[in-house]
Amino acid sequence: MDSLIPFTTSGSLVDCVDRKMLVVLRDGRKLQGVLRSYDQFANLVLEDTVERIYHQDVFAETWRGLFLIRGENVVLLGEIDLDQEDEIPLRQVDWSVLEPYHKQEVAAKKQRDELKAQVLYDRHGFCKEGGEGDGY
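Residues numbered from 1 in each chain as written. Predicted model: local features only at pLDDT ≥ 70, side-chain atom pairs only at ≥ 80, totals over all residues. Heavy atoms only, no water.

Participant: With reference to specific residues and values, describe the pattern of salt bridges.
Facilitator: As enumerated under the stated definition, the model contains 11 salt bridges in all. Here Asp 18 and Arg 36 are joined by a salt bridge, their closest N and O atoms 2.6 Å apart. Of this pair, Asp 18 sits in the segment before β1 (20-25) while Arg 36 sits in strand β2 (residues 30-38), placing them 18 residues apart in sequence. For the salt bridge of Arg 29 with Asp 27, the shortest nitrogen-to-oxygen distance reads 2.8 Å. On the basis of relative accessible area, Arg 29 is assigned to the partly exposed category, the value being 33%. Residue Asp 27 is classed as partly exposed on the basis of its relative accessible area, which comes to 35%. Each of Asp 18, Arg 36 and Glu 47 takes part in salt bridges that share partners, so that together they form one network. (Salt bridge = Lys/Arg side-chain N within 4 Å of Asp/Glu carboxyl O. Helix = DSSP H or I, 4+ residues; strand = E, 2+ residues; numbered from the N terminus. Buried < 20%, exposed > 50% of the residue type's maximum accessible area, 1.4 Å probe, protein only.)

In structure tokens:
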């Protein structure tokens, strides 16, 4: 019976080792790389890592190499289907072209989040403590 219960711990990552993975972090960064190792805290080691940014129908990526990720910063972890990876309907552009748009979007999101936090504090008494990404 116990063998039918799915893993709910970092042990469920054992099948993901040596596979290309997408990792979304609490600060919004999106990383793609080969999962080489993990531990009981879901700290991850990605190899051949690239960071991707998106804007409308284009994307850009920059090389990050070997990347160590603290488990508490992982929002989403998923395997990339290598058969469908090249069929995405997005056009790749240079990082330097897309980065200003991305920074502008991040700044606008931060401003919206601060405004939401202020409204929740003023109208409903919610606490304004916490930092970037604590909404997860």
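Participant: So what's going on with the nonpolar core? Which residues, and what values?
Facilitator: Leu 13, Cys 16, Met 21, Val 23, Leu 25, Leu 31, Leu 35, Leu 44, Leu 46, Phe 67 and Ile 69 together form the largest nonpolar core, which totals 11 residues. Looking at this core, the elements that each hand over two or more residues are β1, β2, β3 (44-55) and β4 (58-69). When residues in this core are grouped by element, the largest group, 3 residues, is from β1. What Leu 13 contacts, discounting residues up to four positions off in sequence, is Leu 35, Tyr 38, Leu 44 and Leu 77. (Core = buried A, V, L, I, M, F, W, Y, C linked by side-chain atoms within 4.5 Å. Contact = heavy atoms within 4.5 Å.)

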